[in-house]
Every structure is written in C-alpha cells, then in structure tokens.
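# Topology and contacts: notes
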Protein chains: 2
Amino acid sequence: MGVVIPLEDNKNKQASVKPLVDLTMSDMERVNQLILSKAGSDVQMIPEVANHLISSGGKRLRPMLTLAAASLFGYEGDAHVKLATSVEFMHTATLLHDDVVDESDLRRGKSTARTIWGNQASVLVGDFLLGQAFRMMVDVGSLEALDVLSTAASVIAEGEVLQLSVAKNMETTEDDYLQVIRAKTAALFAAAAEVGPIVAATSNANRKALKSYGMNLGLAFQLVDDVLDYGGSSSELGKNVGDDFREGKITLPVILSYRRGTPEDRTFWREAIEGGNSDGANLEKALGLIRRYGGLSDTIARAQHYGTIARDALAPLPASPWKSALIEVIDFCIDRVS
Amino acid sequence: MGVVIPLEDNKNKQASVKPLVDLTMSDMERVNQLILSKAGSDVQMIPEVANHLISSGGKRLRPMLTLAAASLFGYEGDAHVKLATSVEFMHTATLLHDDVVDESDLRRGKSTARTIWGNQASVLVGDFLLGQAFRMMVDVGSLEALDVLSTAASVIAEGEVLQLSVAKNMETTEDDYLQVIRAKTAALFAAAAEVGPIVAATSNANRKALKSYGMNLGLAFQLVDDVLDYGGSSSELGKNVGDDFREGKITLPVILSYRRGTPEDRTFWREAIEGGNSDGANLEKALGLIRRYGGLSDTIARAQHYGTIARDALAPLPASPWKSALIEVIDFCIDRVS
C-alpha cells in the first residue's frame, strides 16, 4: 500500500525558481567567474560601473535559461557557459542604457550607475559590455548562435526605439504594446533559450520549442512586471509603486483601463500620461481606475495565457528534472503577483 | 630622348583621396545601398535618426579602406561590401553615442541627432546600428573577421571610458593620450583595413601589414583632427575652433604646450581645463600658448611620424593602383592641416 500524493498538492505549493537554481548551480559559478573576468579592464571605471549593476542582486534568470536549455539536451562542454555570460552582458548593457534613456535614479533598490558615475559612463560601459558579449560569442564559434544573438541585439534596440515612439500616446493598443515587449524583453529570453539547443546540436524542432518557450516566458515575465509596478510593495520591488505611471509609461494595465473607461476616465488618463499630471493624488486615482476595470487581474490573465503557451512548447520533450525546472519557472514568474 | 618628370612634382601636388574614391566607386555604391537598406526599420524614428547622420557628408573613409584592402589582394566577392557597411555602422553608432556623452550640439556643421530627437533616441538608434553591424558580419560568416571587429568594438568603448577617466586631468602624458586615441580612433581604422585581407584569404603577413597601416593611419588622422580643432576655419570643420578647449578635452597640442610651459602657463591650463575657465578670452590665450610652444606644428610632426610607419607597412606589397591610392590617403589625411 503506497502513499498517494494528490496532484493538487503541487498546485497549492508556491512555484519556485529553486529547482532551476540548484540544477544550474555549478555552471552558474563558472558564469559568475566569467562575468568578473570579462567585465575586467585596466580602465578602472569599467569594472566599477559593471560590477555595481552585476552585483546588485538580479536573479540571473536569462543565463540560467541558456544553461538549462543546453543541459536539457545533454550538452556538457563550456560553450553554454560563454553564451550564458554573453546573454547576461547583453542584458546588463541594456539596463545601463535604459537607465540613461529613462533617467532612472533607482534600480533594484540601489542608486543607478548613472546617478553615481554619470550618463556618459553608463552609455560607454554598456557599449563595452556589448562588445565583450560579442567577443565571447565569437569565441564559441557557432555562427548559428551568433545569428540568433546578434539578431536579438538589433530587435531589442528596435523595440526600445518603438517604445520611445509610442510613449505617452494613449491610443497605443494592446497589440502595439505586445510588439514593444516582444522586442524589448521577450526576444532576449527567446534567444537565451534558443542557443541552448544550438550548442547541444539537437534537432530543429527542439530549437523551435525552446525559442517558443523563451519568447512566451518573456512576455509573461514582462506583463507581471507591469502589474508589480502598480501592485508590489516598494521594498520588494526595489522601486516605488507607480514608477511607470510617473514616467508616463504606458503598460497593459493602463491600456486596458483606458479602453474600458468612460470618456471622463479617458480624459483623466490623457491628462495624466500625455499631459504629465502624474503626481501622488493622480497616482491614487489611476490605481483606483485600474482596479475598477480589472487592469491588474486581466493583465495577469494575459500573462497566464502566454505561460500556458510556454508550457506547451516544452510538452513534447521527455520528462526530466531540467524540463520540470523550466516549467516551474513559468509559474514562478507569474506567482510573483499572487 | 624622353621627358624627365622630376619626382618632386608629385610631392608638390596636394595629396588627394580621389584615387581611392575613384577605385572604390562601384563598390561604394553597393555599400551605400546596403547602408540604406540595413538602417531601415518599420519603426520610423530609426531610419530618420540614422539617415540624418549617415547623409551628413562624412567621407566614408573607413568603409573605403575595407574595400581597398580586400581589392588590393584581388578579392571579387561581396563580403567586403558587407564588412565595409558594418564598419561604417560601428562608426555611426560611436558618433551617436559620442554626441550624447560629449553633449555636442553640432557635428559636420549640422545639428546633432540628440538635439533633434533627444539623447534617448541617439543611444538606442546607436545600439540598433551596432546590432545590425554584427548581423551583417555574421552573414559574411568569417569568424576571423568577426573576431577582429568584435574586439574593435570592445576596445573602442574601453578607449572612450579611458578618455572619460583622464578628462580634465592636466597630468595626462602623451603616452596616456596615445593609448586613448589608439583605442577610440585607430582601432577601428586598423580593423577596417585588416578585414580586407581576411576575406581575400591572403597571407598572415599581408593581414598584419594592413592592420599596421590602418592603426598608424588612424593615429595620424586623429592627431591632425586635434590640430584642426585649434587651427581650421569653422566652415571647413563644421564645428567651431576651440571646441575641444571649451569641452575641457585634453589633446596633444595642449599636452605639449602644458609640459613645455612655465609654471604660470601651467596654472593657466589647469584653471582653464580642470577649472572650466574656457571662455573666449581664455581660448585666445590658449591659442597663443599653443603656438608659442609649437603645439600644433609638433603634433603635425607626430602625425607625420605615424604616417611614415603606415607607408612602410605597405612597402613590401607589389606596386598597384590600389597600393598607391592607400598611400596617397596617408598624405591626404596629414595635408588637411597644411
């Protein structure tokens, strides 16, 4: 007579990134070593600026995806460590440039590099890290991986410019917004996951599965981030609630509330976002409207939709601890808001 | 009885970039087509910003170097066109970021992109062009060329950060300064020239020759630029005389004049450059000191020194119109100040 553990138990448990962290631990140590070494330079300011951001406690989800996506197919060399480091450098370079573009003072609860070393250093150290990322990819020598990651670099920048063009335009549709986050966030998740099967030299079907997993995980991740900006507590987030609102950033909770609102509500949104009336009192009103029209819960529902697609992308693969860990990460990303 | 043309005739003639322009004309048409196509995007702001700078009348010396350095060894494919375009995109991305870093309002006599579209667009469109540059290199498929150009991308950014660290420090030596311009300017000239023999699949000796030619040409080019900043007329330069001085930039004419000056002169330089007293009256005084201590003529002499090294780097190669054109470019770069 065995003990029957009901399946629901798993559902009730909070999903965790821990299985992925544990499985990739020894490879992530190699990634962290490589990060320190490749962010080094005789020009002292470079490691100072780079390490400020690198050591600021990001989850390093993207490089873990690359490691897991290679190990999932039995890869055992060191190409995945170099590509994972490249992916993290691309991400760090983007953050350095983003903080300049958004004029942000705080990231993950710490002062941004630009407030300490200035915009100049942030732009240039970002450029340096991007250059180092490409050198590591070249060192791996896979033209396919280079193709995937260099295309992602273009697409990310294109997405950021697109976001700039739609900024403060309340007529932005959900589809417009999806195009932005697909490019600026999900493309790097997709590339990070896709280069795993590439270095593992597995089938094209596996490559497409991991790319789809990464893309949809990235969409879910960004949508949940957008919800957290209106719902998380300041200490958890490392930034203040309503930062997006104050910066006039249009995210899905705002898009839904605007489109579902009354003409008066829409006037409020236009004055707040397009007109820059985004002070404390208006933030309170915005939060009220977002709640009234289900802006947060329905954004979470959209995130769950993409999470399901990510899960199904991996469905044909045989069961393994790696597969389970990658699937649990989907729920982990979404559970951050529940 | 033949007509003897004295060798000196050639020396008296002003050296010109025209032979290089003529020889590369049909390939440069392909480069220009590719520039337009690869700077294109559905995101309208991208081609707007990119074309503003791309169409602003730069000489496109760097892509011509790549084309000539490949054709010199009989190359006839299209890889050199793609790499030449990559090189120009890397250069354009650097200029976009430089104008943000230097807070410049004018380049080549036109408003900079950042004054029209803002710092944000300049940073991001620069990132996009860099991404597109890498995609074209990947498309060529030469890991050696990718290695050379991705290393150059890192080195350029490192040089820019180094320049930031030594900025406004009057104890900067000539060697410090050479390290900066070797990285921020000469490295791209060297890479542009080196990828020519790489795609032409010629000997390692030829590759080293062209790299050395490019590196030393780049040093000469930058030193002459520094002289022009204190000596050219505003309309020729597209910027005002003394821009470097006003921005507190330390270049070789200043380094020489500072080190050769009296203690009083050195106090003047420190107050002007480190203390920011760089208004019109002080510019006049600075120009006087630079002239008194031979700051311009001796910087030109240094440029000629590197020009000679560049010429000797090509000496072992058989005579050809390509070789002559590349050598004449050295004199052309230096003659800009004479």
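Let me sum up the structure you'll find in this document. Just so it is clear, the model here is predicted, and its values are computed rather than measured.

In this section: the overall build of chain A. A count of helical and extended segments in chain A gives 17 helices and two strands. Relative to the compact-globule value of 20 Å for 338 residues, chain A shows a C-alpha radius of gyration of 20 Å, a close match. Based on the C-alpha atoms only, the size of chain A along its principal axes is roughly 65 × 60 × 35 Å. By residue count, 58% of the 338 residues in chain A fall in the buried class. Within chain A, residue pairs in contact and separated by at least 24 positions form 77% of the contacts whose partners lie at least 6 positions apart. Surface accessibility of chain A: about 13,800 Å² in total, with carbon and sulfur atoms responsible for 49%.

A few words now on the pattern of salt bridges. Inspection of every chain in the model, using the stated rule, returns 28 salt bridges over all chains. One salt bridge connects B:E194 with B:R207, and the closest N-O pair in it is separated by 2.8 Å. Taken together, the residues B:E194 in helix α9 (residues 174-199) and B:R207 in helix α10 (residues 204-231) connect sequence positions 13 residues apart. By the burial criterion, B:E194 is buried, and B:R207 matches it. What you see here is one network of salt bridges that share partners, running through A:D102, A:E247 and A:K249.

All names here are of chain A. The contact between helix α4 (residues 45-54) and helix α6 (residues 79-102) brings their axes to 11 Å, and the two run at 100°. What the angle tells us is that α4 and α6 run roughly perpendicular. On the side of α4, the interface is formed by V49, L53 and I54, while α6 contributes F89, T92, L95 and L96. Considered class by class, the residues forming the contact of α4 with α6 number six nonpolar, one polar and no charged.

The next point concerns the relation of the copies chain B and chain A. Once turned by 180° and shifted 0.0 Å along the axis, chain B lies on chain A with an RMSD of 0.0 Å. Here the two chains are linked by the operation of a two-fold rotation axis. A shared interface surface links the copies, since 100% of the contact residues of chain B are contact residues in chain A too.

So, on to the environment of A:H52. Residue and element names in this part refer to chain A. Looking at where H52 falls in the secondary structure, it is placed in helix α4. Owing to a relative accessible area of 13%, H52 belongs among the buried residues under this scheme. Each C-alpha atom, one on H52 and one on D78, is 26 Å from the other, the two residues being 26 residues apart in sequence. Those residues in contact with H52, other than ones at most four positions away along the chain, are P47, K110, S111, T112, A113, I116 and W117. Here S111 takes part through its backbone oxygen, which lies 2.7 Å from a polar atom of the side chain of H52.

What counts and what doesn't
- Residues numbered from 1 in each chain as written.
- Chains lettered and ligands numbered in written order.
- Predicted model: local features only at pLDDT ≥ 70, side-chain atom pairs only at ≥ 80, totals over all residues.
- Heavy atoms only, no water.
- Helix = DSSP H or I, 4+ residues; strand = E, 2+ residues; numbered from the N terminus.
- Rg over C-alpha atoms; globule rule 2.2 N^0.38 Å.
- Buried < 20%, exposed > 50% of the residue type's maximum accessible area, 1.4 Å probe, protein only.
- Contact = heavy atoms within 4.5 Å.
- Areas by Shrake-Rupley, 256 points an atom, 1.4 Å probe, with all protein chains shown as cover.
- Salt bridge = Lys/Arg side-chain N within 4 Å of Asp/Glu carboxyl O.
- Axes fitted to C-alpha atoms, helices over the stretch in contact; angles between N-to-C directions.
- Parallel < 35°, antiparallel > 145°, perpendicular 65-115°, else oblique.
- Nonpolar A, V, L, I, M, F, W, Y, C, P; charged D, E, K, R; others polar.
- Least-squares fit on C-alpha atoms with pLDDT ≥ 70 in both.
- Polar contact = N/O pair within 3.5 Å; in protein donor to acceptor, adjacent residues only side chain to side chain.

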